[in-house]
There are 2 protein chains.
Amino acid sequence: MASLPVLNQPPHLCAALLDHLSRRVRTRSETVLAPLGLRPRHLVTLTVLRDHGSSTQQALAARLGIDSTNLVGLLNDLEADNLIERRRSPEDRRRHVVDLTDVGAKKLAKAEFALAAVEDEVLAALTLEQREQLYSLLQQATATTDIAACAGAEDEPAPPVMYR
Amino acid sequence: MASLPVLNQPPHLCAALLDHLSRRVRTRSETVLAPLGLRPRHLVTLTVLRDHGSSTQQALAARLGIDSTNLVGLLNDLEADNLIERRRSPEDRRRHVVDLTDVGAKKLAKAEFALAAVEDEVLAALTLEQREQLYSLLQQATATTDIAACAGAEDEPAPPVMYR
DNA sequence: TAAATGGTTTGTCTTACGCAAATGACTTGT
DNA sequence: ACAAGTCATTTGCGTAAGACAAACCATTTA
C-alpha cells in the first residue's frame, strides 16, 4: 500500500469523530447504566467477555488496553456482583481465567435493552441499516486485536499495542 | 417505529464497541498528537470548528457536550497557540464568536497527517473503503446535533442533549 | 534453589470532566 | 434609569478513570 499513489489514501480521518460520537453515546449511556449498577467500562468488559469468551486477566487487560492493576479493580467490581467469575487456570495456577456468568449475561442483556433507547436518540440520524453497518464495522475493527486475546484462556502471543 | 415489530429492532448495540474502539484510537492518537502540543479534546474541537464553522461558545459547548467553564479552559489552550480566535459578536457583545485560524487549520492538517499512521494501524482490519464508510457514518451521526450549533454564530435554538 | 511470572494491594499522580459560586461586561425588560 | 437577565471567566471542589511504581504472595520455570 505504501507504493500506491496518494489518491488511494483515505481522505478522511475517523479519530476525531470517533471520539466525538463515542463521548455522546457514553454520556447518555451512563444515565441508563447507573440504575443497573454499571458504568461504561463495565459494559465494555462484559461485552468483550461475551463476544470473545473467557480470557486470562493478562490477555483481557491487553484487549481492553488498560493496566493490569486497574483491571483487577474493574474485575473486583464485576465479581462482587457475580457478573463474572475468576477460576484458577488448570494449566498454570498463577493465572485466572475470567468468565462471564449467567447473571452477568443477563445483566448485559438488560443493559443493552436500556441502551437501545439511548442509541435511538443519539444515533437518530442513522437508519437502522446504517446502525447495523456501523456495528459491523466496529465489530470488525475491534476484532483484529482478537489475536492478542486468543480464543479461550490458552497461551497467547505477546499482546499488541496497549490501548487506553 | 414504536409500532414496528421486534424484528425491525437493530439486533446489535454500538455503545460498547464504540467506546472500545474509540479508546484504542484515542490512546494511539495521544502519542502522535503530543509532539504537536495537542490532546484528543483539542483535536475534536478543531475538527468541529473546521467542519461546522465559527460558533458561539455556548453553542460550541453544547455541540461538544462539555460544560461551558471547561470549554473556556479548552479554548484558552487553543487560543494561546493561535489555533483559534475569539471575537466579540457584533450582534451581542457578551458573546464570543470562535473561529479556526489559518494556523489552526494547518495544525489540524498536520495532526491528521500524523493520525493517518495511527488509523492505518488501529483500523488495520478495515479496508480503505470500509474506513471511508465508517467516517461517513460517524460524520452523519454527529451531524445531527448540528441543529444545536446552527451555521455561523447566529441565534441558535436551545441546545439538545448535553454530551460528555 | 533462584529467578521469573500472574495477580493483588496500595499509593501517587495526571487528566478530564461536572458543578457551584462569584465576577465583570453587556443586553433586555420595566 | 435601574433591575434583572445573559455570556464568558475565574476559582474551587469533588469524582472517575486511568498510568505507573513498589511490595507481596503463590506458582512456575530455569
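This structure is a prediction, so every number in the text was calculated from the model and none was measured.

(A) Quick peek at the relation of the copies chain B and chain A. Of the transformation placing chain B onto chain A, the axial shift is 0.0 Å and the rotation is 180°, giving an RMSD of 0.0 Å. Look at the turn and shift together and you get a two-fold axis relating the two.

(B) The interface of chain B and chain A, seen in detail. Facing 60 residues of chain B, the contacting portion of chain A comprises 60 residues. Between chain B and chain A the total buried area reaches about 6400 Å² when both faces are included, carbon and sulfur atoms providing 66% of it. Where chain B packs against chain A, one counts 2 salt bridges. The interface formed by chain B and chain A contains 16 residue pairs in polar contact (both at pLDDT 80 or more).

(C) Examining helix H5 (residues 102–122) of chain A more closely. The end-to-end C-alpha distance of H5(A) is 29 Å, a good match for the 30 Å that 21 residues give at a rise of 1.5 Å each. Among all positions in H5(A), only Gly104(A), Leu108(A), Ala111(A), Glu112(A), Leu115(A), Val118(A), Glu119(A) and Val122(A) are buried. Where the residues of H5(A) are buried, they touch helix H1 (15–33), helix H2 (40–52), strand E3 (96–100) and helix H6 (128–143) of chain A together with helix H1 (15–33) and helix H6 (128–143) of chain B.

(D) Examining the sheet that holds strand E3 (residues 96–100) of chain B more closely. Residue and element names in this part refer to chain B. Spatially, 3 strands are ordered E1-E3-E2 in an open sheet, and the strand pairing comes out antiparallel. Each edge of the open sheet carries a strand with a single partner, namely strand E1 (55–56) and strand E2 (84–88). Relative to E3, E2 is paired through 5 bridges, and the arrangement is antiparallel. Bridge pairing links isoleucine 84 to leucine 100 in E3.

(E) Structural detail: the protein's contact with DNA strand C. In the vicinity of DNA strand C there are 20 residues, among which Gln57(A), Arg86(A), Arg39(B), Asp67(B) and Asn70(B) approach most closely. Sugar plus phosphate, as a fraction of atoms of DNA strand C within 4 Å of the protein: 78%. One of the side-chain nitrogen or oxygen atoms of Asn70(B) is found 2.9 Å away from a phosphate oxygen of DNA strand C. If you list the elements that add at least two residues to the surface near DNA strand C, you get helix H3 (57–64) and helix H4 (68–80) of chain A together with helix H4 (68–80) of chain B. It is H4(A) that provides the largest number of residues to the surface near DNA strand C, a total of 3 residues. Of the residues contributing to the surface near DNA strand C, the split by class is 2 nonpolar, 8 polar and 10 charged.

Conventions and cut-offs
- Here the residue index of a chain counts from 1 through its sequence in written order.
- Whichever chain is written first becomes A and whichever ligand is written first becomes 1, with later ones labelled in order.
- Residue-level local features of this predicted model are given only where pLDDT is at least 70; pairs of side-chain atoms are given and counted only at 80 or more, and the full residue set underlies all totals for whole chains, interfaces and linings.
- For the side-chain quantities, the full set of heavy atoms in the structure was used; hydrogens and water were omitted.
- The fit set for superposing copies consists of C-alpha atoms from residues with pLDDT of at least 70 in both; the fit itself is least squares.
- Between two residues, a contact is recorded if the distance between any of their heavy atoms is within 4.5 Å.
- By convention, the term buried area covers the 1.4 Å-probe accessible surface removed from two parts as they join, with the contributions of both added.
- We count a salt bridge whenever a side-chain nitrogen from Lys or Arg sits within 4 Å of a carboxyl oxygen from Asp or Glu.
- Under the rule applied, a polar contact is a pair of N or O atoms within 3.5 Å (in protein, one hydrogen donor and one hydrogen acceptor; residues adjacent in sequence only if both atoms are side-chain atoms).
- Strands are runs of DSSP state E lasting at least two residues, helices are runs of H or I lasting at least four, and both sets are numbered from the N terminus onward.
- Every helix has an expected span of 1.5 Å times one less than the residues it contains.
- Buried residues are those whose accessible area, probed at 1.4 Å on protein chains only, stays under 20% of the maximum for their type, while exposed residues exceed 50% and partly exposed ones sit between those limits.
- One requirement defines pairing of two strands: DSSP has to find at least two bridges between them.
- By convention in these notes, a residue is near a molecule or strand provided one of its non-hydrogen atoms lies within 4 Å of it.
- Here the nonpolar group is Ala, Val, Leu, Ile, Met, Phe, Trp, Tyr, Cys and Pro; Asp, Glu, Lys and Arg are the charged ones; every other residue, Gly included, is treated as polar.

This is a description of form; function is not addressed.
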